[in-house]
Amino acid sequence: EEDGRRRIPCPLDPKHTVYEDQLQKHLKKCNSREKPKPVYFVQDINAGLKDVAEIPEKQVPLSSLSKEELENLIIKLKKASNGLEFHLQEQILSHQALQEALNDPKNGESAFKHLKQQASILGNMEKLHLLGPGRCFIEFGAGRGKLSHWVDVALQNTQNVQFLLVERATTRFKVDGKHQRRDSIFERLQVDIQHLCLNKVPILEKKKLPVVGIGKHLCGAATDLALRCLVESYTTCCDAENEEPAPKRSRADQTEVASSDSAGNESSKADCKPVAGIVIALCCHHKCDWTHYVGREFFKSVGLGPVEFHYFQRMSSWATCGMRETTNKASASEESEEQTNGAEDHEQTVSGIESGPDTLQGILTAEERKEIGCLCKRLIDHGRIEYLQQRGYEALLQYYIESAVSLENVLLTAVPSPSLIPEPT
């Protein structure tokens, strides 16, 4: 209390307080108040699972499982992984746009690690022919927007390029306002990916440029939301726009117009530009969620369900927790460099209870634990690859950076298979 006036936590955000006698006035201007929804906000458009009955009840912690239950989970994991190709190739590349920054001695070790990752992501984009004119680059989980910034630098002599930076949190120290090219268009979309309808974004509605989805360390479920946003919600809306009701015809006419119908379909496919590519550095599998996961059909096809998924995503933290002691300092500096209001936490944050040796009752060595964690990650990622392949994309996983630079060093790339790309008219 001050001078007889009492301060209370703000009901909209208890992280700050307000004088009780000024509460009503404060609620009208509080930064945490609900703001009008943007035109591209569509509730749960990318959320995925609608069937409440399939959403698992809260599971017991991994640490509470018996030795037998844990062994059964590991047997199921190895059985589901049997026959799948989990050996990833290295595609550790670089890009000339970052050479000057990489050679700048003023950049510290943490900045250098991030620059190496960004350079390799750009190198992989160039290899897939995704760095070019007439593109709209959408950075999911953009934070300060550094990845988009380097893409912009790489395209400095290129025309007709747009950038959409998707970030649900308010971000400080943004770099997208400091670009050398004044003709590049940057726009921020402050929205959760779960509710983002790309088809209603004005800049996309106007020009309908081919879209390239990018992301550096897109945490857990955010990757699944982004994939569904691009290849399901956006493509479906796009297809619907180009479909016109077919006029009623007599049977005699049907044979005659068959060829013209197919030609018409081809032209309407050409009107709607497909997603030109996806390049996402994966991370934080322990933050995945069955509700949003795009690989549910794959899990079901190998006899797994929401319960197994819950434990596998928890066990995925074992892939890096064994190295936590040696990377604590690097992780701390990495987080301070990239963290956006606490939203980004790319090194493992699973409690020691779930990953410590006591939990495993002496049945697994540190090396075995790491191997099982990696297997969980690859199984979850394989579901994402199958999801993309079933929708006509050529999708791959590869190591894009050395594990000494980042323990989360797997890149997911996808481009439309030739049959998805419209023929030039």
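The name an unreviewed UniProt entry gives the protein is tRNA:m(4)X modification enzyme TRM13, with Nestor notabilis as the organism. Per UniProt, the protein has the following entry under Sequence similarities (unreviewed entry): "Belongs to the methyltransferase TRM13 family." The record in UniProt for the protein states the following under Function (unreviewed entry): "tRNA methylase which 2'-O-methylates cytidine(4) in tRNA(Pro) and tRNA(Gly)(GCC), and adenosine(4) in tRNA(His)."

Colleague: Got a sec to walk through the pattern of salt bridges? Specific residues and values, please.
Modeller: Counting across every chain of the model gives 14 salt bridges. As a salt-bridge pair, aspartate 21 and arginine 5 come within 3.2 Å of each other at their nearest N and O atoms. Of the two residues, aspartate 21 sits in the loop between strand S2 (17–19) and helix H1 (23–29) while arginine 5 sits in the segment before strand S1 (7–9), which places them 16 residues apart along the sequence. Exposure remark for aspartate 21: the relative accessible area of 56% places this residue in the exposed category. Across the pair arginine 378 and aspartate 381 runs a salt bridge, and its minimum N-O distance is 2.8 Å. Linking arginine 378 with aspartate 381, this pair stays in helix H14 (residues 366–390), spanning three residues, or about one helical turn.

Colleague: Pulling in residues and values, what's your account of the nonpolar core?
Modeller: Side chains of a nonpolar character, in soluble globular proteins, are inclined to be buried together. Counting residues in hydrophobic clusters, the biggest one holds 40 residues, and the most contacted among them are Phe140, Leu196, Ile278 and Leu388. The leading source of residues in this core is helix H7 (residues 221–242), at eight residues. Setting aside anything within four residues of it in sequence, one finds phenylalanine 140 in contact with Val166, Ile193, Leu196, Gly213, Ile214, Gly215, Leu218, Ala226, Cys229 and Leu230. Counting residues in hydrophobic clusters, the runner-up holds 31 residues, among them Leu155, Val161, Leu165 and Phe186.

Colleague: How would you summarise the side chain of glutamine 194 if you had to cite specific residues and measurements?
Modeller: When you line up the elements, glutamine 194 lands in the loop between strand S6 (185–189) and helix H6 (202–207). A polar atom in the side chain of glutamine 194 sits 2.5 Å from the side chain of aspartate 44. Residues within four places of glutamine 194 in sequence aside, it is in contact with Val42, Asp44, Ile45, Asn46, Ala47, Leu225 and His292.

Colleague: Break down the UniProt feature "domain: CHHC U11-48K-type" (unreviewed entry) in the protein for me, citing the residues and quoting the values.
Modeller: Mapped onto the present numbering, the UniProt feature "domain: CHHC U11-48K-type" (unreviewed entry) falls on residues 7–34. The distance from the first to the last C-alpha atom of residues 7–34 is 22 Å, and the span holds 25% helix and 21% strand.

Colleague: Just give me the short version of the pairing of strand S5 (residues 161–166), but keep the residues and values in it.
Modeller: Most of S5 is tucked away: six of the six residues are buried. Alternating residues of S5 divide into Val161, Phe163 and Leu165 and Gln162, Leu164 and Val166, and every residue in both groups is buried. When strand S4 (residues 135–140) meets S5, the two strands line up parallel, connected through six bridges. Counterpart to glutamate 139 in the pairing with S5 is leucine 165. Crossover handedness for the path S4 to helix H5 (residues 146–154) to S5: right-handed. Sheet topology places S5 next to S6; five bridges connect them, and they run parallel. Paired with glutamine 162 across the strands is isoleucine 185, a residue of S6.

Thresholds applied
Residues numbered from 1 in each chain as written. Predicted model: local features only at pLDDT ≥ 70, side-chain atom pairs only at ≥ 80, totals over all residues. Heavy atoms only, no water. UniProt positions renumbered as here; feature names shortened; annotations may be inferred. Salt bridge = Lys/Arg side-chain N within 4 Å of Asp/Glu carboxyl O. Helix = DSSP H or I, 4+ residues; strand = E, 2+ residues; numbered from the N terminus. Buried < 20%, exposed > 50% of the residue type's maximum accessible area, 1.4 Å probe, protein only. Core = buried A, V, L, I, M, F, W, Y, C linked by side-chain atoms within 4.5 Å. Contact = heavy atoms within 4.5 Å. Polar contact = N/O pair within 3.5 Å; in protein donor to acceptor, adjacent residues only side chain to side chain. Pairing = 2+ DSSP bridges. Right-handed = clockwise from strand over helix to strand, strands pointing away.

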